[in-house]
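Commentary on secondary and tertiary structure
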Amino acid sequence: MELIFDRVTKQYKNKLAVDRVSLSLKKGVYGLLGANGAGKTTLMRMMCGVLQPDSGEILYDGMKVEEESYRDILGYLPQEFGYYPDFSAMDFLMYLASLKGIPKKQAREKSLKLLELTDLSPVAKKKIKTFSGGMKQRLGIAQSLLNNPKVLVLDEPTAGLDPKERVRFRNLISKLGSDRIVLLSTHIVSDVEHIADVILVMKGGVIIHQGSLEEIIQAINGKVWECTVNHETAERLAAQYPVLNIREEKKGTFLRLVCGKKPVESAASVEAALEDLYLYYFNEAEQDAGQEGKVGK
C-alpha cells in the first residue's frame, strides 16, 4: 500500500498553488499542516482525482488516481461537503452507500454503526437542515467511511466541532490509521500533534518539512524563549518576533516568542512545541523571522 506524488504541480493563473511536490505515503496517519492558502486543499483534491495536476502524477500502487477503480478505495471529506437538507442523516448515508454500490443490507448495518461512532444515533431520523455545524461535520466524517476506504482524505475535518468532539475524532483517526493511509489537513495544530505518525508542513505550495513531531521540532530547537519584561519592551519584542503567548502579570508582561537569538538578557530558552514551529512559518511577521535566516535547511 503506497500513494506516490511524483513532482506534482498545479497553477491557477498567476498563483502556483502546488509546486513540484514529491511524496510517498504508506499506512499511517499523515497530518498536513499549513496556513490558509498554503496549497493543502489543492493537493488533496488532486490526490482524490477531483483536480488534474498541470504536471506530474499521483499513483496508488501503480494506479493513477484519476481511474474509476481508485474511487472504490477512497474516502473523502472536502472542506465543504454537499448534502440534501431535507434528507435525514440515515437516508443521506443510505443514499451515498447506494451510489458507492454497497448492498442495501450491508449499507444499513454500516450506516447505523457510523451514526453511533459519530454520536448521531439520537438524530438519525432528523432532517440535516436542523443540524448544527458540528453535527453536519460529524455526518461528513461518517459518509467518508462508508466504503471502508484504504485511502482516507480529510480536509479540515474538525471545523465546527467542540473540544469533546475533537478529542473523540482524534481517537477515531488514530485507530483508522493502523490499516490504511489517512491524510488529515488542518491549520489547527492540536488536531495533528498527538495523532499523526508523520507531519507534513506546507507553505507556498511546497512541503517545507516532513517527519515525526520530534524530527520537525528540531528545526527550531534553541529558538523558543520565555521572558517577563516591562510593557514597552514587550511591545518592541512583539513587533520584532513571532509571539505565541503574551499575558499581563504582576511583575510585568510575560512573553513566549520565537527568534534566533536571545531577545533580552532575562529570557530563558525553553523546549519547542509544534505550535512554535507553526508560528515561526505562518505568523504575520514572517518578514522579521526571515531576517534571521530560514531554519531546517
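Residues numbered from 1 in each chain as written. Predicted model: local features only at pLDDT ≥ 70, side-chain atom pairs only at ≥ 80, totals over all residues. Heavy atoms only, no water.

With an unreviewed UniProt entry as reference, the protein chain is termed ABC transporter ATP-binding protein, source organism Petralouisia muris.

Quick look at the overall build of the protein chain
Helix and strand content of the protein chain: 10 helices and 14 strands. The buried share of the protein chain, taken over its 297 residues, is 52%. Within the protein chain, counting contacts between residues at least 6 apart in sequence, those at least 24 apart form 67% of the total. Carbon together with sulfur atoms contributes 48% to the accessible area of the protein chain, which is approximately 14,800 Å² in total. In the protein chain, 41 positive and 39 negative side-chain charges are present, and the distance between their average locations comes to 5 Å. (Helix = DSSP H or I, 4+ residues; strand = E, 2+ residues; numbered from the N terminus. Buried < 20%, exposed > 50% of the residue type's maximum accessible area, 1.4 Å probe, protein only. Contact = heavy atoms within 4.5 Å. Areas by Shrake-Rupley, 256 points an atom, 1.4 Å probe, with all protein chains shown as cover. Lys, Arg positive; Asp, Glu negative; His and termini not counted. Charge placed at Lys NZ, Arg CZ, Asp CG, Glu CD.)

Some details on the environment of Ile128
Relative to the helices and strands, Ile128 is located in the loop between α3 (104–117) and α4 (133–144). Residue class for Ile128 comes out buried when judged on its relative accessible area of 0%. For Ile128 and Asp91, which are 37 residues apart along the polypeptide, the C-alpha to C-alpha distance reads 9.8 Å. Not counting the four nearest positions on each side in its chain, Ile128 is found in contact with Tyr83, Tyr84, Pro85, Phe87, Ser88, Ala89, Phe92, Lys136 and Leu139.

What to know about the state of the cysteines
The full count for this structure, using the stated rule, is zero disulfides. In this model Cys259 remains outside any disulfide bridge; the closest cysteine sulfur is found in Cys227, 8.4 Å from its own. (Disulfide = S-S within 2.5 Å.)

Looking at helix α5 (residues 163–176)
With 14 residues, α5 extends 20 Å between its outermost C-alpha atoms, agreeing within 8% with the 20 Å of an ideal straight helix rising 1.5 Å per residue. Buried residues of α5: Glu165, Arg166, Phe169, Arg170, Leu172, Ile173 and Leu176, and no others. On an axial view of α5, the arc spanned by its buried residues comes to 165°, and they lie on one face. Away from its buried face, by an angle of more than 90 degrees, α5 presents the exposed residues Pro163, Lys164 and Lys175. Of the surrounding secondary structure, the elements contacted by the buried residues of α5 are β3 (28–33), α3, α4, β7 (151–155), β8 (181–186) and α6 (189–193). (Expected span 1.5 Å × (residues − 1). Arc of directions from axis to C-beta.)

As for the sheet that holds strand β1 (residues 3–12)
Strand order in the open sheet made by the four strands is β2-β1-β4-β5, with antiparallel pairing throughout. Each having just a single partner strand, β2 (15–25) and β5 (63–64) make up the two edges of the open sheet. (Pairing = 2+ DSSP bridges.)

A look at empty space enclosed by the protein
Here the structure, examined in full by the defined rule, presents one cavity of 30 Å³ or more. Put simply, the largest cavity is a space of about 70 Å³. In terms of lining residues, the largest cavity is bounded by Leu117, Thr118, Arg138, Ile141, Leu161, Glu165, Arg168, Phe169 and Leu172. Of all the elements in the fold, those that place two or more residues in the lining of the largest cavity are α4 and α5. In terms of residue count, the dominant contributor to the lining of the largest cavity is α5 (four residues). (1 Å grid on protein atoms, 1.4 Å probe; cavity = no way out; pocket = protein on both sides within 12 Å on 5 of 7 lines; lining within 4 Å. Points joined across faces, edges and corners; volume = space filled by probe spheres on them.)

Re the layout of surface pockets
The computed volume of the largest pocket comes to approximately 510 Å³. Together, 19 residues line the largest pocket, and Arg71, Leu74, Tyr76, Lys100 and Gln143 are the ones closest to its centre. Every element with two or more residues in the lining of the largest pocket is listed here: β6 (74–77), α2 (89–99) and α4.

Side note on the nonpolar core
Counting residues in each nonpolar core, the largest one holds 56 residues, and the members touching the most others are Leu139, Leu154, Ile173, Leu274 and Leu277. Grouped together as the second largest cluster of nonpolar side chains are 29 residues, Val8, Leu51, Leu74 and Met202 included. (Core = buried A, V, L, I, M, F, W, Y, C linked by side-chain atoms within 4.5 Å.)

Brief notes about the packing of α2 against α4
Following both chains from N to C, one finds α2 and α4 inclined at 30°, their axes separated by 10 Å at the closest point. By the angle class used here, α2 and α4 are roughly parallel. Handedness of the crossing formed by α2 with α4: right-handed. In this structure, α2 uses Ala89, Phe92, Leu93 and Leu96 to contact α4, whose residues at the interface are Leu139, Ala142 and Gln143. Classifying every residue of the contact of α2 with α4 gives six nonpolar, one polar and no charged. (Axes fitted to C-alpha atoms, helices over the stretch in contact; angles between N-to-C directions. Parallel < 35°, antiparallel > 145°, perpendicular 65-115°, else oblique. Left-handed = near helix turned anticlockwise from the far one by under 90°. Nonpolar A, V, L, I, M, F, W, Y, C, P; charged D, E, K, R; others polar.)

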